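Read off the chains here:
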Amino acid sequence: MVHELGFSGSTIMSNPNRFQQLFNSRFKHVEIGEFPSYSDFESFLKLAKKNGYRYGVHSPLIRGESKYDLLDFISFEPEQARQQFENEVRTLSMLGAAYVLVHFPFIKESSIQDINVKVEEGLSFLNRLQESYNIPIVCEPKLGPSMSPHNIKVVHDFPKYLWETYNLSLCIDIGDYLLAVGDEWPVYLKKLEPFIRVVHLHNILIDGKKYIWVPPHPAYEESQEYFSIKPIIEYLAHGQAKYFIFEHTPHSRPSDQFVNESISWIDSVLSCMKRDN
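On a predicted model such as this, the values are computed, not experimentally measured, just so you know.

Each value, and the rule that gives it
Residues numbered from 1 in each chain as written. Predicted model: local features only at pLDDT ≥ 70, side-chain atom pairs only at ≥ 80, totals over all residues. Heavy atoms only, no water. Helix = DSSP H or I, 4+ residues; strand = E, 2+ residues; numbered from the N terminus. Rg over C-alpha atoms; globule rule 2.2 N^0.38 Å. Buried < 20%, exposed > 50% of the residue type's maximum accessible area, 1.4 Å probe, protein only. Contact = heavy atoms within 4.5 Å. Areas by Shrake-Rupley, 256 points an atom, 1.4 Å probe, with all protein chains shown as cover. Lys, Arg positive; Asp, Glu negative; His and termini not counted. Charge placed at Lys NZ, Arg CZ, Asp CG, Glu CD. Salt bridge = Lys/Arg side-chain N within 4 Å of Asp/Glu carboxyl O. Phe/Tyr/Trp six-rings, centres within 6.5 Å; stacked < 30°, edge-to-face > 60°. Pairing = 2+ DSSP bridges. Right-handed = clockwise from strand over helix to strand, strands pointing away. Axes fitted to C-alpha atoms, helices over the stretch in contact; angles between N-to-C directions. Expected span 1.5 Å × (residues − 1). Core = buried A, V, L, I, M, F, W, Y, C linked by side-chain atoms within 4.5 Å.

## Some points on the overall build of the protein chain
Alright, step 1. A count of helices and strands for the protein chain gives nine helices and ten strands.
Alright, step 2. Taking 2.2 N^0.38 as the reference for a compact globule, 277 residues should give roughly 19 Å; the C-alpha atoms of the protein chain span a radius of gyration of 18 Å, in line with that estimate.
Alright, step 3. The principal-axis extent of the C-alpha atoms belonging to the protein chain is close to 45 × 45 × 40 Å.
Alright, step 4. A buried classification covers 53% of the 277 residues belonging to the protein chain.
Alright, step 5. Relative to all contacts within the protein chain whose residues are 6 or more apart in sequence, the contacts with residues 24 or more apart total 74%.
Alright, step 6. For the protein chain, the computed accessible surface area is about 12800 Å², with 49% contributed by carbon and sulfur atoms.
Alright, step 7. Distance between charge centroids for the protein chain: 5 Å, based on 27 positive and 35 negative side chains.

See the structure below:
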């Protein structure tokens, strides 16, 4: 079992002028989406090939397209969102992406009738794309509007055998899970363990009603202003190989030294867990 570290395009907000910053010599993987244009995506592909990098795409591929609408209208009708997503999957399967990650399930309200039926129908759609285009699809449960935990709880309540039936992977966003369920995260992750393939790494700086993704760092572990995330990282390090993706944003202006310390810390945590497994 060998976990793989990588950077997210979120660290540069997918800015084409900063693409080179994603190709850290300590990694060989980038997860990115929301390119300003398709030509910017093509420029990224050239750099990835030149640097010998693998990549996954966090849908949407192009900024301004659907991010949350496969089940429920948020910004697009679900039918339109699904057509867009299928076009992305078709394209990326031909261009060698390691996987396509999508926000799923995402529903505005927690009180929708027959929610499991709706989610299963969405899983069936995603499974069809995965099988048709021969590319892994990774589902990332997200916080709902106003930081509602209902989407994460929907995944928890969904029958485990149906995740097995549709053979789709999961992404666990550490920040979303800690904000949604706090110290109860082991209860929520235990059921999902066999399906987790991607982990989004960051800590959380809460600023009033807003929150900012910041790099994971040992200095935050004992601070009252941040979460202690080492236990959840250690938990997720068990089992099958996963992508651990640094998904902080530039808003807190972390220095290069701080980010390098973050990388070294996460690498050491994962290495210790590897020795213990």
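So that's the structure; there's more coming.
## A closer look at the pattern of salt bridges
Alright, step 1. Overall, the coordinates contain ten salt bridges when judged by the stated rule.
Alright, step 2. The shortest N-O distance in the salt bridge between K108 and D72 comes to 3.4 Å. Highlighted residues: K108 in the loop between strand 4 (100–103) and helix 3 (115–133) and D72 in the loop between strand 3 (54–58) and helix 2 (78–94), separated in sequence by 36 residues.
Alright, step 3. Residue classification places K108 among the partly exposed residues on the basis of a relative accessible area of 33%.
Alright, step 4. Among the ionic pairs, E86 bridges to R90, the shortest N-O distance being 3.9 Å. Here the residue E86 and the residue R90 both occupy positions in helix 2, the gap between them amounting to four residues, near one helical turn.
Alright, step 5. Since its relative accessible area comes to 12%, E86 is described here as buried.
Alright, step 6. When salt bridges with common partners are traced through the structure, they connect E140, K142, D173 and D176 into a single cluster.

## Description of the packing of aromatic side chains
Alright, step 1. Under the counting rule described, the total for this entry stands at 19 aromatic pairs.
Alright, step 2. On the numbers, 5.1 Å between centres and 50° between planes, the contact of Y211 with W213 is tilted.
Alright, step 3. The class for W213 is buried, based on a relative accessible area of 12%.
Alright, step 4. Taking the centre distance of 3.8 Å and the plane angle of 15° together, the rings of Y220 and Y226 count as stacked. The two residues Y220 and Y226 agree in class, both being buried.

## So, the pairing of strand 4
Alright, step 1. Every second residue of strand 4 is oriented toward a common face, with V100 and V102 on one face and L101 and H103 on the other, all of them buried.
Alright, step 2. Where strand 3 lies against strand 4, two bridges are found, and the strand directions are parallel. Across the sheet, the residue bridging to V57 is V100, located in strand 4.
Alright, step 3. Each parallel crossover has a hand, and for strand 3 linked through helix 2 to strand 4 it is right-handed.

## Topic: the sheet that holds strand 4
Alright, step 1. Taken together, eight strands build a closed barrel; the order of strands is 1-2-3-4-5-6-7-10 and the barrel is parallel. Between one strand axis and the next, the sheet turns through 25° on average, direction left out of account.
Alright, step 2. Pairing geometry for strand 6 (residues 169–173) and strand 7 (residues 196–201), over four bridges, is parallel. Within the sheet, the bridge partner assigned to I172 lies in strand 7 and is V199.
Alright, step 3. Relative to the sheet, helix 3 contacts strand 4 and strand 5 (137–140), its axis offset from that of strand 5 by approximately 150°.

## Looking at helix 1 (residues 38–50)
Alright, step 1. Across its 13 residues, helix 1 extends 19 Å between first and last C-alpha, which sits within 8% of the 18 Å expected from 1.5 Å per residue.
Alright, step 2. As for helix 1, its buried residues are in contact with strand 2 (29–32), strand 3 and helix 2.
Alright, step 3. Of the residues flanking the end of helix 1, it is G52, one or two places downstream, whose phi is positive at about 70°.

## So, the nonpolar core
Alright, step 1. Core analysis: the biggest nonpolar cluster contains 81 residues, and F44, F85, L126 and I233 have the highest contact counts within it.
Alright, step 2. Leave out the neighbours within four places in its chain, and L126 touches L70, F85, V102, F104, I137, C139 and L168.
Alright, step 3. One finds L101, V198, Y243 and I245 within the second-largest nonpolar core, a separate group that totals seven residues.

## Considerations on unusual backbone geometry
Alright, step 1. Residue P60 is bonded to the preceding S59 through a cis peptide linkage, with omega at 10°.
Alright, step 2. For P60, the position within the fold is in the loop between strand 3 and helix 2.
Alright, step 3. Put simply, F104 and P105 share a cis peptide bond, and its omega is -5°.
Alright, step 4. Position of P105 among the secondary structure elements: in the loop between strand 4 and helix 3.
Alright, step 5. Of note in the backbone geometry, S14 takes a positive phi value of approximately 55° without being a glycine.

Fair warning: the whole summary comes from geometry, so function is off the table for now.
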